[in-house]
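Observations on the model geometry
This is what each chain is made of:
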Amino acid sequence: MIITTTNTVEGRRIVAYHGVVTGEAILGTNVFRDFFASIRDIVGGRSGSYEKSLGQGRELALGEMGDEAQRLGGNAVVGVDLDYENITSGNGSSSMLMVVASGTAVTLE
């Protein structure tokens, strides 16, 4: 399965369009990771645990999107867009990370 942010694949011709496909991943974050991330925000530096969560969410969303494209008969997804969102509960006590991948399922020659 070819997955690309471009609208074409060099050297390949699109012979069929199968429609828009999406993949979503929602990952919970825990209180310890949130606590240490807030400390890193104050003193500077990177949050390895959040970076790992972002990577996991991206891979899950892209995989789900590719599976949907395959179910529709496609062998590639073009024009892929990734969106990230932080979702917090009404009282702000819990947080979740949402990753959404969307693109157009196509068949390449």
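In this text the structure is predicted, and so the values were computed from the model without any measurement.

Criteria and cut-off values
- Residues numbered from 1 in each chain as written.
- Predicted model: local features only at pLDDT ≥ 70, side-chain atom pairs only at ≥ 80, totals over all residues.
- Heavy atoms only, no water.
- Helix = DSSP H or I, 4+ residues; strand = E, 2+ residues; numbered from the N terminus.
- Contact = heavy atoms within 4.5 Å.
- Core = buried A, V, L, I, M, F, W, Y, C linked by side-chain atoms within 4.5 Å.
- Buried < 20%, exposed > 50% of the residue type's maximum accessible area, 1.4 Å probe, protein only.
- Pairing = 2+ DSSP bridges.
- pLDDT = per-residue confidence, 0-100.
- Salt bridge = Lys/Arg side-chain N within 4 Å of Asp/Glu carboxyl O.

Describing the environment of D81
With respect to the helices and strands, the residue D81 is situated in strand β3 (residues 76-88). Expressed as a C-alpha distance, the spacing of D81 and T22, which sit 59 residues apart in the sequence, is 9.5 Å. Setting aside residues up to four positions removed in sequence, D81 forms contacts with V100, A101 and S102.

Some points on the nonpolar core
Membership of the largest hydrophobic core is limited to 12 residues, which are V21, A25, A61, L62, M65, A69, V77, V80, L97, V99, A101 and A105. Among the secondary structure elements, those contributing two or more residues to this core are β2 (14-28), α2 (48-71), β3 and β4 (95-108). Setting aside residues no more than four positions away along its own chain, M65 makes contact with I3, V21, T22, G23, V77, V80, A101, S102 and G103. Counting six residues, the second largest nonpolar core, distinct from the first, contains I14, A76, V78 and L108.

A word on the sheet that holds β3
What the four strands build is an open sheet, ordered β1-β3-β4-β2; its pairing is mixed. In this open sheet, the two edge strands, each paired with only one partner strand, are β1 (2-3) and β2.

Concerning the confidence of the model for the protein chain
Taken residue by residue, the protein chain gives an average pLDDT of 85. The fraction at 70 or more is 77%. Across the protein chain, the element-wise mean pLDDT spans from 51 in helix α1 (residues 31-43) up to 98 in β1.

A few points about the pairing of β3
Two strands pair when backbone bridges link them, and β1 and β3 are joined in this way by two bridges, in the parallel orientation. The residue bridging I2 from the neighbouring strand is A76, located in β3. When β3 meets β4, the two strands line up antiparallel, connected through 11 bridges. Considered in β4, the bridge of A76 is made with V106.

Thoughts on the pattern of salt bridges
One pass over the structure, following the stated rule, counts two salt bridges. The closest approach of N and O atoms between R13 and E109, which form a salt bridge, is 3.0 Å. Taken together, the positions of R13 in the loop between β1 and β2 and E109 in the segment after β4 put the pair 96 residues apart, joining distant regions of the chain. A salt bridge links E59 to R58; the nearest nitrogen and oxygen atoms lie 3.9 Å apart. By relative accessible area, E59 is classed as exposed at 52%.

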